[in-house]
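The residues making up each chain are set out below.
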Amino acid sequence: MSNTLAIIPSMNIKNKPATFFALLILLLMAFILYWSMTKPVSVVIQAGHEGRTCGNTGAECKLYREEDWNILVADEVVKKLRSWKIDVKRMPARVHFTRAKIVVAIHFDRATTPCNSGASIGYPSDDSKAFAQRWKALYKDYFPFKWHEDNFTDNLKNYYAYRWIRAEKFLLLELGEITCDKQTKWLKPRLKKIAHLVAYAIAKELGKKVKRPAL
Ligand SMILES: [Zn+2]
């Protein structure tokens, strides 16, 4: 009787580190499982600000909301890429941990003084720079308004999703200014064509032989 009583408390003390260790192993296994389930995809397309109800909800002007335009363009890019048999993950503003070859986030800029902005590109490192220049060459031929230097704002340089999605190349595209009447007038009837051009740039970057869309 007295022997059993002596064993039980000592077992409890010994079990504490063992329980902790077992828990750690379980956590590690769960993490490995999660990692293997989040298999890398070729492309991630994000519609900027999609689903945000507070915080950075995107640019707005009296006629248009940036979020709506981002969704329209992002959906069309995805549609085009899938028609070329490229695997794509479509993401809203709230991203989760993913691995991809190419990530493109779709945005439209705003300006306090209307028409002071235009198109620009953001990227996290020089790994994406050549791709950014190839996109710029394509879109510069088409978009007839102002261009900024790459990464000209902190938002472009340090976009939060750079930390969540591990990508070989990540571009944040500002496709024009939504607070400029001249630009929205040009952009609105061309949103799908712009989306096709984005899809084309991505497919080319992946080495796919696809037809350049008619603009
Ligand atoms: Zn935006």
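Conventions adopted
- Residues numbered from 1 in each chain as written.
- Predicted model: local features only at pLDDT ≥ 70, side-chain atom pairs only at ≥ 80, totals over all residues.
- Heavy atoms only, no water.
- Phe/Tyr/Trp six-rings, centres within 6.5 Å; stacked < 30°, edge-to-face > 60°.
- Helix = DSSP H or I, 4+ residues; strand = E, 2+ residues; numbered from the N terminus.
- Buried < 20%, exposed > 50% of the residue type's maximum accessible area, 1.4 Å probe, protein only.
- Domains from an automatic or database assignment.
- Core = buried A, V, L, I, M, F, W, Y, C linked by side-chain atoms within 4.5 Å.
- Contact = heavy atoms within 4.5 Å.
- Donors = N, O, S within 2.8 Å, 3.2 Å for Na, K, Ca; no water.
- Tetrahedral: all angles 85-135°; square planar, octahedral: opposite > 155°, others 65-115°.
- Expected span 1.5 Å × (residues − 1).
- Arc of directions from axis to C-beta.
- Pairing = 2+ DSSP bridges.
- Axes fitted to C-alpha atoms, helices over the stretch in contact; angles between N-to-C directions.

1. Some words on the packing of aromatic side chains
For step 1, the next point in the chain: Across all of its chains, the model carries 14 aromatic pairs by this definition.
For step 2, the next point in the chain: Taking 5.3 Å as the distance between ring centres and 85° as the angle between the ring planes, the aromatic pair formed by Trp 69 and Phe 108 counts as edge-to-face. A residue pair is termed long-range when its members are at least 10 positions apart, and Trp 69 in helix H2 (residues 66–83) and Phe 108 in strand E3 (residues 98–109) qualify at 39 residues. Like Trp 69, the residue Phe 108 is buried in the burial classification.
For step 3, the next point in the chain: With a centroid separation of 6.3 Å and an interplanar angle of 80°, the aromatic rings of Tyr 159 and Phe 170 are classed as edge-to-face. Here Tyr 159 is found in the loop between helix H4 (154–157) and strand E5 (165–177), whereas its partner Phe 170 is found in strand E5, with 11 residues between them in sequence. Here Tyr 159 matches Phe 170 in class, with each residue buried.

2. Focus: the domain arrangement of the chain
For step 1, the next point in the chain: Per the domain assignment, the segments making up the chain are domain 1 (1–37) and domain 2 (39–205).
For step 2, the next point in the chain: Summarising the inter-unit geometry, the C-alpha centres of domain 1 and domain 2 are found 48 Å apart.

3. Considering the nonpolar core
Most often, soluble globular proteins keep nonpolar side chains buried together rather than apart.
For step 1, the next point in the chain: Judged by nonpolar contacts, the single largest core of 46 residues is most densely connected at Ile 45, Leu 81, Trp 135, Tyr 139, Leu 175 and Ile 202.
For step 2, the next point in the chain: Counting only elements with at least two residues in this core, the list comes to strand E1 (41–47), H2, E3, strand E4 (119–122), helix H3 (129–140), E5, helix H5 (181–187) and helix H6 (191–205).
For step 3, the next point in the chain: Here the element with the most residues in this core is H6; it accounts for 10 residues.
For step 4, the next point in the chain: Counting 14 residues, the second largest nonpolar core, distinct from the first, contains Val 41, Tyr 162, Ile 165 and Leu 172.

4. Re the environment of Tyr 139
For step 1, the next point in the chain: Its location among the elements puts Tyr 139 in helix H3.
For step 2, the next point in the chain: The class of Tyr 139 is buried, set by a relative accessible area of 0%.
For step 3, the next point in the chain: Each C-alpha atom, one on Tyr 139 and one on Arg 190, is 12 Å from the other, the two residues being 51 residues apart in sequence.
For step 4, the next point in the chain: Leave out the neighbours within four places in its chain, and Tyr 139 touches Ala 119, Trp 147, Leu 175, Trp 186, Leu 187, Ile 194 and Leu 197.

5. Points about the coordination of the zinc ion
For step 1, the next point in the chain: With distances of 2.1 to 2.8 Å, the protein atoms coordinating the zinc ion are His 49 (NE2), Glu 66 (OE), Glu 66 (OE) and His 107 (ND1).
For step 2, the next point in the chain: Taken together, the four donor atoms coordinating the zinc ion and their angles of 51 to 138° define a geometry best described as irregular.
For step 3, the next point in the chain: Mapped onto the sequence, the residues coordinating the zinc ion show the spacing H-x16-E-x40-H. A residue pair is termed long-range when its members are at least 10 positions apart, and Glu 66 in helix H2 and His 107 in strand E3 qualify at 41 residues.

6. Some remarks on unusual backbone geometry
What is expected of a backbone is that most residues other than glycine have negative phi and most peptide bonds are trans.
For step 1, the next point in the chain: If you check the backbone angles, His 49 has positive phi at about 70° while not being a glycine.
For step 2, the next point in the chain: Mapped onto the fold, His 49 is located in the loop between E1 and H2.
For step 3, the next point in the chain: For His 49, a relative accessible area of 8% translates into the label buried.

7. With respect to H3
The periodicity of an α-helix, 3.6 residues per turn, causes residues three or four places apart in sequence to face the same way.
For step 1, the next point in the chain: Counted at 1.5 Å a residue, the expected span for H3 with its 12 residues is 16 Å, and the 16 Å between its end C-alpha atoms agrees.
For step 2, the next point in the chain: Considered for burial, the residues of H3 that qualify are Phe 131, Ala 132, Trp 135, Lys 136, Leu 138 and Tyr 139. Seen along its axis, H3 keeps its buried residues to an arc of 165°; they face one direction.
For step 3, the next point in the chain: Where the residues of H3 are buried, they touch E3, E4, E5, H5 and H6.

8. Things to note about the sheet that holds E1
For step 1, the next point in the chain: The five strands are arranged E2-E1-E3-E5-E4 in an open sheet whose pairing can be described as mixed. Strands at the two margins of the open sheet, each flanked by one partner only, are strand E2 (88–91) and E4. Across the sheet, the mean angle separating the axes of adjacent strands is 20° when strand polarity is ignored.
For step 2, the next point in the chain: Pairing of E1 with E3, which is carried by six bridges, proceeds in the parallel orientation. Counterpart to Gln 46 in the pairing with E3 is Ala 105.
For step 3, the next point in the chain: In this fold H6 packs onto E1, E3 and E5, with an angle of close to 155° to the strand it touches most, E3.

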